[in-house]
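Structural overview
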Amino acid sequence: MDATKKKVLNGYHVVFLVQNVIIGTGLLSLNHVLSPVGYSQWWFPLLFGVIANITLFPMIWLALKYKDEDLFDINVKLLGKWIGKFINIILIVYALLIFMIVIQNYLSLIQITVLPNRAITFHLLIIMVLTVYIVYGGIKSIARFCIFTFFFAGTLTYSLRWGLMEGNISHLLPLFNFSFSEFMEAFHAGYVSMIGYELLMVYFPYIIHQKKVFKQASLGIWIVIFFYFSVSIVSVMYFSEWQLEHLFYPILQLFQAVKISIIERMDVIGITVWVFLILSTVSAYLWMAKRGIDSVRGKTSKYHLYALAIFCYIILSLPISQAVKKTVFENITYAFYGVVLWPLFLCSIHFLRKEKKEVVK
Amino acid sequence: MKKNIICIIISSLLLGGCTEIVQTPLEDLGLISVAAFDYVDEKKMKMTVIMPQSAEDAKNPTQVYSVETELVQKGLVEISSKSDSTAALNQLRVVLFSEEMAKTDQMHKVIEYLYNNPKVTTRTFVAVVKDSAGKLLESEYPDKANKSIYMNNFFNKRQNVLFNPFKNIHDLIYDLHNPLVDPVVVYVELKESLINIDGIAVFKDKKMVDIFTREDAKSLQLLLETNKISSLSFVIDLDLAEEKIFMNFLRVKTKITSNHDIESPKLNISMKLSGQLSEYEGKKDLGNKSEVAKLEKEIEKAVEDDMKEFLQKCQELSVDPIGLFESFRMRYKGDWPSDLKDELLAKAEFEVDVKLDITTSGAITKK
Amino acid sequence: MWRRKKESVLESKEKSSPNGAQSKDEKVTLVAIKNAFGDIDDAVFKDYQTANGLVTIIYLNTLIDSTVLHKTVISPIMNNSDQLIQVLDHVISTDLRTMLMEISDGNTLIYLHEEQRFFKASTFSPPQRSIMTSEIESTVLGPQDSFTESLKTNLSLIKRRIHQPGLKSKDRVIGNETNTKISIMYMEHIVNKENLQRLEQRIKEVDEANLLFIDITILTQLIEDNPFSPFPHMGMTARPDLAAHFLLDGRIVVAMENSQNMLVCPVSFLEMFKSPEDYYSRWTTATLLRLIRLVGFFITIMLTPTYISAVTYHPGIIPFDLVLILEESRSKVPFPPVIEVLLIELIIEVLREAGARLPTKIGQTIGIVGGIVIGTAAVEAGLLSNTLIVLVATSALLSFLLPSFLMSNSSRVIRYIFILAAGLFGLLGQMLALAWLVIHLLNLTSLGTPYLAPFIPRKLSDLYDTVIRFPLKFIQKRKGISRPQQENLETK
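The sections below set out a description of the structure shown in this document. Keep in mind the model is a prediction, meaning the values are calculated, not measured. Chains are numbered independently. Their residues run from 1 in the order of the written sequence. Just so you know, chain letters begin at A and ligand numbers begin at 1, following the order they were written in. Where totals are concerned, whole chains, interfaces and linings use all residues; where local detail is concerned, this predicted model gives features only for residues with pLDDT of at least 70, and gives and counts side-chain atom pairs only at 80 or more. Side-chain descriptors were evaluated using all non-hydrogen atoms of the structure, hydrogens and water having been removed beforehand.

1. Remarks on the interface of chain C and chain A
What makes two residues a contact is simply this: any of their non-hydrogen atoms within 4.5 Å. The interface of chain C with chain A comprises 25 residues on the first partner and 31 residues on the second. Here the quantity called buried area is the accessible surface, traced with a 1.4 Å probe, that two parts lose on coming together, added over both. Summing both partners gives a buried area of about 2,600 Å² for chain C against chain A, and 76% of it is carried by carbon and sulfur. Salt bridge, as applied in this entry: a Lys or Arg side-chain nitrogen positioned within 4 Å of an Asp or Glu carboxyl oxygen. Taken together, chain C and chain A are joined by 0 salt bridges. Counted as a polar contact is a pair of N or O atoms within 3.5 Å, where, for protein atoms, one must be capable of donating a hydrogen and the other of accepting one, and residues adjacent in sequence contribute only when both atoms are in side chains. On inspection of chain C and its partner chain A, the count reaches 3 residue pairs in polar contact (both at pLDDT 80 or more). Secondary structure is summarised from DSSP: a helix means a run of H or I of at least four residues, a strand means a run of E of at least two, and numbering begins at the N terminus for each. Among the secondary structure elements, those contributing two or more residues to the side of chain C that touches chain A are α16 (405-425) and α17 (427-443) of chain C. No other element matches the 12 residues that α17 of chain C contributes to the side of chain C that touches chain A. Under the convention adopted here, Pro, Cys and the residues Ala, Val, Leu, Ile, Met, Phe, Trp and Tyr are nonpolar, Asp, Glu, Lys and Arg are charged, and Gly plus all remaining residues are polar. Across the side of chain C that touches chain A, the residue classes tally to 19 nonpolar, 5 polar and 1 charged.

Laid out in structure tokens, this is it:
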């Protein structure tokens, strides 16, 4: 019954969509990528929050101008059919790349910790099928899954308690102990963990109360920042600088600090519960890619979804060398910057066209 | 409808996958609970492990294996080939190193390997053993039913000991790579077929340099405890009055303040203790307020002396297991140079100020 | 095909009665009826000589109690036939099919030979059992009566609880062969009209198919939203108090002739964990029990899979002392953990089924035999580990905790999915299965309303009566899932 209506997303859906899509990607190695600035990293999430909030402005402003169109439609409308479609294809590739990177990262983590000496093909298949199952229900199904994930995976935050108890609060000082190049390095590597809120432009037309979106999206972003911030603070307190620099997934060690009498290794549970965060993130991106294909081909079909999933599964199963993967992962940040800043460009086109029209009149 | 087909696909896939289970179940794993490392030569070490034996009617509930190897993983493989089960580190709880090994950088390498291995929990305890570590595992403990359980419990679930310097892998790695702290590890010894805590081993530059006695360890413990409730106990002999006191500290609050002057560092250590007087042998009337106050003063003095003595010892050895200069780092711009701590320690002046509060002296009024 | 054409009968009645004249169709003769009831040996044709001449009464004696027949038909017709004839309904004498249907329904047809007219008396009084306590949904507190197989009794049990004209009960006849009577009940001023329409539409759809409606469970399965789902998403109850409770909340209750249960829709997932006793006992007790049921549900689907994951894939997560116990108990078992768990789960299932099929006295023996065989012998033989038996027994017990029998069954079914998933990928598999479960539940609807209410669509006032049952004075509003016309419980 949800599929028949176009406007399906309520306020709280927006909040949790924004929040969960972001969190799945970045949190696992956030403290590691921020390590160039050492102990001063704990306040970086706040900075990210502010910047994300600022970049939200042009997105929502533009979306409000085209209330019933998503990013793909706007591209075509503002840039013309051919350029617009070309840009849309790039966006689809971007969504698919992120989709694959997130899954790939998670699976390699699984391979290290939970299921060593096990090929990924099979559980990758099941993750794919589940993703398709989520996306099948449309954006509202994704949003509902996000809400569940928030409450379910959110309980993991409690495991920070042990790290907090054993940590040393004096690590929070000094505040600005880094050079400019270190700052840029950490910022560049760290801002990737904010990937996810640009999807707002795609699901914007599905939102019921579009006027309130800025508030809701900001709330979502700041919930993410709250998680990032608390994890960063605890990591900074619990680890030495050397550990932050050398541990690729500091969260794992934080989980291991948990002492519960019936569970010896919280990290295994934490990492497996993480699959919910991964699913909520990747399903959103798969949905975006599917929307993109729908828009480029000019018709809505469920087969687009299946085709995309099969395509991604094949790509992920191919024996691609670690170096290639790494290069892609390092450069996806630039694409992300591009997508975040893209609305600014579109806004200017929007103005130009408006002026032109007025001149013609 | 299609959704349902997906459901069916999932379940059939799960069914189909049942055939490819290759994982070794628990009972076929030799779960190593304690591993000990001894020094052989610069490249080789002797690795001794114990694993609980699962068979009910086995004569000995614990198996001991010992191999000489260069690498831990290689050692594991060799042990597996000797044993009837696959050796695994998933349940590793305690790692022991011989004193000799701790004095080389091999110990550091092993610790880092274990830290890196996702199968090993970072909460595995580390200890240094006098003489041979392997002997600790090989020898029999006639009083104890199961060696693995004994070892595990000895290092694990304990609070009410004279001091509590138990370090796990995470703590040790944290200290080893922290330019401000010199790590300490508990030092045990096999005595009369029982394990005995003998003191603590102090490390510098990733190698063991000295052993602190139990008295020193107590002082260190007091300095390290910051605002934590501890059931730490203390015996003080006041020679003059021939008094013997056993105190249970409920609350220890140590605060290290500094003048932030790198050229001439001065540290002020103020310690607030409050605790129970659980045992007292002496002539003072503990029902009398002023006498108790007098006793408090005497104990304060004694603790102060202990602390000063300990700090002096640290200065002499040029080790700092406390992290005295953390407040300097908090104001320091840039990366902390590795040798700055030693410089500061050599120059530092200490002031110790102890405040004691005896909350209760037990239920019976003593004369 | 014996299909009752109720509407057509009404139409023809309307057409014919104003004119007063009979249509030109041929009149039904007694012989025709006799022929139709040819091989039905319980059909009775009796002639009586009365003041109005010769009268024949026709009935099926298996459907009619002889005392009822005597009281309502025979004795009046002998003594005061004029009065009786005025009271009785007239049956159009041209429609053979209607007449036959009336007789099959348990009515008595009275044929006046002089006037050549048919009358009917409703004498339907088959043997039925008395109202007894509910066996499946038994409670300690609260009313003990439960529905029987008689629609009339069942309706009466509900109507004696809600005395007002707002309670509607719409009768319908479904099924081409069985001609089963169902009654759709709802509170007119509370129920959501859209829901009602949807339900009627669905019943209409299945009605047209040629299906056997032996019990209401069959109807339920036919009109469910997602027939592939392992979860029951239409409520089912044999307790009149619960049915009344649902009615007053704005749900629709469907009763069917010959079935003990009533269908309730829409219902939510959490309502499967509610027992009517929750409202009779104190709120603290009710809350505790509800928590146990809900947690029990998740434990029952997670406990044995976790055993598999821990023993097979993640020996590190078990505490050291427990590892020693597990290792010892598994040391003699020749199977991998998945097979071991599947084996014993299946044995438990077999035991349960065997116990359920057999009469109570023999059922007990099965329990004892099963207990001894599994509990002791299997462990001593080294086929199964004793730790696992504790776990399986616990999870089996927990699965019986749920008040809804259907839900309790499905909890056991999905456990197998979790067991297989755990056998494949350990904890990751369990989480993937849980994700599947969550997505499935999120997308499931009950009569078009999200099954996971009150979380979607969220309604804050519902939270007073979900996991925690607040004191009754807080529960002032109807549930969100019924989307009632009147939100507040007190009707103005």
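That was the structure; now back to the text.
2. Remarks on helix α7 (residues 138-154) of chain A
In a helix, the anticipated span is given by 1.5 Å times the number of residues less one. Relative to the 24 Å expected for 17 residues at 1.5 Å per residue, α7 of chain A spans 24 Å between its end C-alpha atoms, a close match to the ideal helical length. Only protein chains enter the accessibility calculation, which uses a 1.4 Å probe. A residue is then buried if its area is under 20% of the maximum for its type, exposed if over 50%, and partly exposed in between. Within α7 of chain A, 13 of the 17 residues are buried, which leaves it mostly tucked inside the rest of the structure.

3. Quick notes on the interface of chain B and chain A
Opposite the 30 residues of chain B that make contact, chain A presents 37 residues. Summing both partners gives a buried area of about 3,300 Å² for chain B against chain A, and 54% of it is carried by carbon and sulfur. When residues of chain B are sorted by the area they lose upon contact with chain A, Arg 123, Tyr 174 and Met 330 of chain B head the list and together hold 19% of the total. At the junction of chain B and chain A, the tally comes to 2 salt bridges.

4. Remarks on the nonpolar core
Residue and element names in this part refer to chain A. Formed by 267 residues in total, the largest nonpolar core has its most connected members in Met 194, Tyr 197 and Tyr 203. For this core, the element with the highest residue contribution is helix α14 (residues 266-297), accounting for 19 residues. Not counting the four nearest positions on each side in its chain, Tyr 197 is found in contact with Val 18, Ile 22, Ala 52, Thr 55, Leu 56, Met 59, Tyr 191, Ile 221, Phe 336 and Val 340. For this analysis, a nonpolar core means a set of buried residues of the types Ala, Val, Leu, Ile, Met, Phe, Trp, Tyr and Cys, connected via side-chain atoms within 4.5 Å.

5. Points about the sheet that holds strand β5 (residues 117-122) of chain C
Residues and elements named next belong to chain C. When DSSP finds two or more bridges between two strands, those strands count as paired. On the basis of which strands lie adjacent, the open sheet formed by 5 strands has the order β1-β2-β4-β5-β3 and antiparallel pairing. Because the sheet does not close on itself, it has two edges, and the strands there are β1 (43-50) and β3 (89-91). With direction set aside, neighbouring strand axes in the sheet form an average angle of 30°. Of the pairings in the sheet, the one linking β1 to strand β2 (residues 53-60) comprises 8 bridges and is antiparallel in character. All axes here are fitted lines through C-alpha atoms, helices being fitted over the stretch that makes contact, and every angle between N-to-C directions spans 0 to 180 degrees.

6. Here's the deal with unusual backbone geometry
Here the residue pair Cys 265 of chain C and Pro 266 of chain C is connected by a cis peptide bond, since its omega of -10° sits within 30 degrees of zero. Unusually for a residue other than glycine, Asp 205 of chain B sits at a positive phi of about 50°. Counting through the fold element by element, Asp 205 of chain B comes out in the loop between β10 (194-204) and β11 (207-212).

7. Comments concerning the sheet that holds strand β9 (residues 252-256) of chain C
All names here are of chain C. Here we have 5 strands laid out as an open sheet, ordered β6-β7-β9-β10-β8, and antiparallel in their pairing. With partners counted over all chains shown, the strands left at the sheet margins are β6 (167-174) and β8 (235-237), one partner each. Here the strands of the sheet are splayed against their neighbours by 25° on average, with no regard to which way each runs. For β6 and strand β7 (residues 180-187), the ladder comprises 8 bridges, and the chain directions are antiparallel. Bridge pairing links Val 173 to Lys 181 in β7. Here helix α7 (residues 193-208) sits on the sheet in contact with β6, β7, β9 and β10 (262-265), set at roughly 15° to β6.

8. Notes on the pairing of strand β3 (residues 45-52) of chain B
Residue and element names in this part refer to chain B. Buried residues dominate β3, accounting for 7 of its 8 residues. As defined by bridge partners, strand β2 (residues 34-39) adjoins β3 across 6 bridges and the pair is classed as antiparallel. Counterpart to Val 34 in the pairing with β3 is Ile 50. The antiparallel hairpin formed by β2 and β3 contains 5 residues in its connecting segment. Here β3 pairs with strand β4 (residues 62-69) via 8 bridges, running antiparallel. The partner of Met 47 across the bridge, within β4, is Val 67.

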